[in-house]
Every structure is written in C-alpha cells, then in structure tokens.
Amino acid sequence: MATHTEQLTRPAVRLHGLTRSFQGRTVLDGIDLELPAGQFTALLGHSGSGKSTLLRAVAGLDHGVEGEGRLSAPERGSVVFQDSRLLPWSRVLDNVLLGAEGKEAAERGRAALAEVGLAGRERAWPGELSGGEAQRAALARALVREPQLLLADEPFGALDALTRIRMHNLLRELWKRHRPSVLLVTHDVDEAIVLADRVLVLENGRIGLDLTIDRPHPRSYREPKLGEYRERLLAALGVTEDH
Ligand SMILES: Nc1ncnc2c1ncn2[C@@H]1O[C@H](COP(=O)(O)OP(=O)(O)OP(=O)(O)O)[C@@H](O)[C@H]1O
Ligand SMILES: [Mg+2]
C-alpha cells in the first residue's frame, strides 16, 4: 500500500510521448508531462495550438482520435467547459446530481450548490440562471464527485470581467478546500498567473514553457512581482507589449 508521502508526491497525471493528429496534421507532438497530485496548473497557448485536444486526451474524451503515447490519469475526474452544459429540462439540483439518487446524494448536491453560492436555487431551471450562476452550477456538478482531477476548458471565457474575478476567487477557494489536481485551459495570461501555481505554454505541439509561479495567494493582477511572469509568458506566446 502507498504511504501517505507517496500519495502526496505521486503524479496525478502522466503523459509520455503523447501525440495527436487530425487528417495527417500533427497537433500534439510527443508531449511528456507530469502533474503532481493537488497541483493547480494552467495551460496557455494560441487559438488552435491544441489546448482542448490535450485536455480531451487527459479526460479520456478522444476515443478514436489518431495518436499514440502513454497516459495515466485518476479515475475520478470532472470536466468543466466554457458553457455550463446543464440539461435544460432538469432542475439545477438534478443537473448537479447527474442521475445519482437517494437522500445522501441529494445532501451532497445541496452542499455543493451552497459552496458555490447557489443555496436556495436547487429547484430552479437552468434557463433561469445567469451565465455566471450557470457556471457555478457546473462547478458544483464537477465538485460533487470529489474529483481527484478537475479539468477546465476556458470555464470563464464567456463571462464578464467582474463575474470572472468572482469566479477566480471561488475556484481558488474550492481548490483549497478539496485539493484536486487542476488543469485549467485559458488564453488569458492574467487569469493563469493569478490562479495557478504552474503555467504551461503549448507551442508547436509541445510544452514550450513550464513556469512555476512562486507567489502567495490571494494574488492581485496589479502585483508588481507578477509582472515578470507575465512578460515571460507573453514572450513565450510571441506577444510583445509596447507602451
Ligand atoms: N475533431 C477534430 N477534427 C479535426 N481537426 C481538429 C479536431 N479537433 C481539433 N482539431 C484541430 O486541431 C487543432 C487544435 O485544436 P484545439 O481545439 O485543441 O485548439 P485550442 O488550443 O483549444 O484552440 P482555442 O483556443 O481556439 O480553443 C486545430 O487546428 C483544430 O482545427
Ligand atoms: Mg480550445
């Protein structure tokens, strides 16, 4: 049996030589990557660089895709997307429970909704929720299973700036409480550096930069020390700031 220390240091996700191609075009080109258990990692990259392809591979949602390589990921994983993907004909609590039945499941669902600030909205229909509320319900649905791995593909991409900042705080709080390994795909450098402890940049099918963000939380966008990380990431993305 694994010791406690082994459990803490053992990588949650391991990719070795992961390759993915579409119609002969290589998108992921032999990626080697380990995500330690409980680490909060962000993945940046240009549009079309393969971020979602990588996330889908880790989630095991790409059966039948051309590719090779070895991959191991925890059995208990949850995925959150840019849109909440709530079923419109199911009430919010039923969406969160995803078919799980019984009193105990319902209690867990209610607790998860309370954690994301949606206590009292259990019987609402998804159509009655705002965009931010729907994403919070999606987070509750992801968390109710106590995932060891939380995969999120631009989960705040469709939200306004203010709601987005609230969601950042919420996600970080939830992570602190539940400690899943997180892989957050984003195209937003600021979102990555304010939330994650490690930021990867996907470039030409490989991890072009692997940066540890060694700053305490909570972080503010305006924190001067974060500026250095920001510049390095923007440079890796080929963006230069002219002021
Ligand atoms: N099922 C598919 N069939 C064919 N091509 C695909 C498929 N899925 C992805 N691709 C191609 O692979 C490349 C990477 O796509 P992917 O969606 O992973 O990019 P991304 O980094 O997530 O981009 P964005 O930031 O725009 O979401 C793109 O050129 C895309 O057209
Ligand atoms: Mg994408």
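Conventions and cut-offs
All residue numbers refer to position in the chain's written sequence, counted from 1. As they are written, the chains are lettered A onward and the ligands numbered 1 onward, keeping that order. Thresholds applied to this predicted model are a pLDDT of at least 70 for local features of residues and 80 or more for the giving and counting of side-chain atom pairs; totals over whole chains, interfaces and linings are not thresholded and use all residues. Heavy atoms throughout the structure, all of them, feed into the side-chain values; hydrogens and water do not. Each residue is tested against the molecule or strand, and it is near if at least one of its non-hydrogen atoms lies within 4 Å. We define a polar contact as two N or O atoms separated by no more than 3.5 Å, with the added condition that, inside protein, one atom must be a possible hydrogen donor and the other a possible acceptor, whereas residues neighbouring each other in sequence contribute only through side-chain atom pairs. For the accessible areas, the method is Shrake-Rupley and the probe is 1.4 Å, while residue cover comes only from the protein chains on display. Put simply, DSSP marks the helices as runs of H or I at least four residues long and the strands as runs of E at least two long, and each gets a number from the N terminus on. The nonpolar class holds Ala, Val, Leu, Ile, Met, Phe, Trp, Tyr, Cys and Pro. Asp, Glu, Lys and Arg form the charged class, and all remaining residues, Gly among them, are polar. Here the rule is simple: two strands pair whenever DSSP picks up at least two bridges between them. Throughout, an axis means a line fitted to C-alpha atoms (over the contacting stretch in the case of helices), and angles, computed between N-to-C directions, take values from 0 to 180 degrees.

Draft legend 1. Up close: the site of ligand 1. In the vicinity of ligand 1 lie 14 residues, with Arg25, Ser47, Gly48, Lys51 and Thr53 positioned nearest. Ser52 has a polar side-chain atom sitting 2.8 Å from an oxygen atom of ligand 1. With respect to ligand 1, the side chain of Thr53 contributes an N or O atom lying 2.5 Å from an oxygen atom. Within the complex, the protein chains bury 63% of what would otherwise be the 640 Å² of accessible surface of ligand 1. Among the secondary structure elements, those contributing two or more residues to the shell around ligand 1 are β2 (25-36) and α2 (51-59). Counting residues per element, the shell around ligand 1 draws most heavily on α2, which supplies 4 residues. Of the residues that constitute the shell around ligand 1, the class distribution is 2 nonpolar, 8 polar and 4 charged.

Draft legend 2. A look at the sheet that holds strand β4 (residues 66-72). Taken in spatial order, the 3 strands of this open sheet run β2-β1-β4, and their pairing is antiparallel. On the outer flanks of this sheet lie β2 and β4, each paired with one strand and no other. Mean inter-strand twist for the sheet, computed between neighbouring axes without regard to direction, equals 0 degrees. Note that strand β1 (residues 11-22) and β4 share 6 bridges and pair antiparallel. Counted as the bridge partner of Thr19 is Glu68 from β4.

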